[in-house]
Amino acid sequence: MAGIKALVGLSFSGAIGLTFLLLGCALEQYGVYWPLFVLIFYILSPIPTFISRRLSDDDSSSNACRELAYFLTTGIVVSSFGLPIVLARTQTIEWGACGLVMTGNAVIFLTILGFFVVFGGGDDFSWEQW
């Protein structure tokens, strides 16, 4: 039952993060949908970790595959925080929209991290079942 509560909590926090992202796009004073391109980063960010966990044999020691996955994931996350700043600096979006998108980014990436913490273990209720 604890896994269900965690899943509901993670889905709720994901919905809050997406709400911040959509508010940064759809509010009347902002009205530009360019920040929705960070959705690509949300999809790409867990992929290197999924691949490295599938390919690595042991969970105790560090290996090159896992370190490369952490490096690529970090690059994707930093890029998702950099895109709204670049869009705001070029005056494509307003700075208020940039703040809302950055808040949404923080909430979504903390949700993804929470998913890996809750379901990443080797117990009977893990993400490998999906």
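Residues numbered from 1 in each chain as written. Predicted model: local features only at pLDDT ≥ 70, side-chain atom pairs only at ≥ 80, totals over all residues. Heavy atoms only, no water.

## Thoughts on the packing of aromatic side chains
The geometry of two aromatic rings is summed up by the distance between their centres and the angle between their planes.
And then number 1: Throughout the structure, instances matching the rule amount to six aromatic pairs.
And then number 2: Centre to centre, the rings of tryptophan 34 and phenylalanine 37 are 5.6 Å apart; their planes meet at 25 degrees, and the pair counts as stacked.
And then number 3: Taken together, a centroid distance of 5.3 Å and an interplanar angle of 50 degrees make the contact between phenylalanine 50 and phenylalanine 116 tilted. Linking phenylalanine 50 in helix 3 (residues 47-55) with phenylalanine 116 in helix 5 (residues 95-119), this pair joins segments that are 66 residues apart in sequence.
And then number 4: Given the relative accessible area of 30%, phenylalanine 50 is considered partly exposed. (Phe/Tyr/Trp six-rings, centres within 6.5 Å; stacked < 30°, edge-to-face > 60°. Helix = DSSP H or I, 4+ residues; strand = E, 2+ residues; numbered from the N terminus. Buried < 20%, exposed > 50% of the residue type's maximum accessible area, 1.4 Å probe, protein only.)

## Topic: the packing of helix 4 (residues 64-89) against helix 5
And then number 1: Taken N-terminus to C-terminus, the directions of helix 4 and helix 5 make an angle of 175 degrees; their axes are 9 Å apart at the nearest point. Taken together, helix 4 and helix 5 sit at an angle that is classed as roughly antiparallel. Here Val77, Ser80, Phe81, Pro84, Ile85, Ala88 and Arg89 of helix 4 come into contact with helix 5, specifically with Trp95, Cys98, Val101, Met102, Asn105, Ala106 and Phe109.
And then number 2: Grouping the constituent residues of the contact of helix 4 with helix 5 by class yields 11 nonpolar, two polar and one charged. (Axes fitted to C-alpha atoms, helices over the stretch in contact; angles between N-to-C directions. Parallel < 35°, antiparallel > 145°, perpendicular 65-115°, else oblique. Contact = heavy atoms within 4.5 Å. Nonpolar A, V, L, I, M, F, W, Y, C, P; charged D, E, K, R; others polar.)

## Quick word on a nonpolar patch on the surface
And then number 1: Among the surface-exposed residues, Trp34, Phe37, Ile40, Ile43, Leu44, Ile47, Ile51 and Leu55 lie close enough to one another that they form a single nonpolar patch of about 790 Å² accessible area.
And then number 2: According to the relative accessible area criterion, isoleucine 43 is exposed, its value standing at 59%. (Patch = residues over 30% accessible without salt bridge, like charges linked within 9 Å, V, L, I, M, F, W, Y side chains within 5 Å. Areas by Shrake-Rupley, 256 points an atom, 1.4 Å probe, with all protein chains shown as cover. Salt bridge = Lys/Arg side-chain N within 4 Å of Asp/Glu carboxyl O.)

## Notes on the environment of valine 38
And then number 1: Looking at the secondary structure, you find valine 38 in helix 2 (residues 38-44).
And then number 2: A sequence separation of 63 residues divides valine 38 from valine 101, and the C-alpha atoms of the two residues are 8.6 Å apart.

## Describing the side chain of serine 80
And then number 1: Relative to the helices and strands, serine 80 resides in helix 4.
And then number 2: Serine 80 sits in the buried class, given a relative accessible area of 0%.
And then number 3: A polar atom in the side chain of serine 80 sits 2.8 Å from the backbone oxygen of valine 77.
And then number 4: Those residues within four positions of serine 80 in sequence are excluded, and the remaining contacts are Val38, Phe41, Asn105 and Phe109. (Polar contact = N/O pair within 3.5 Å; in protein donor to acceptor, adjacent residues only side chain to side chain.)

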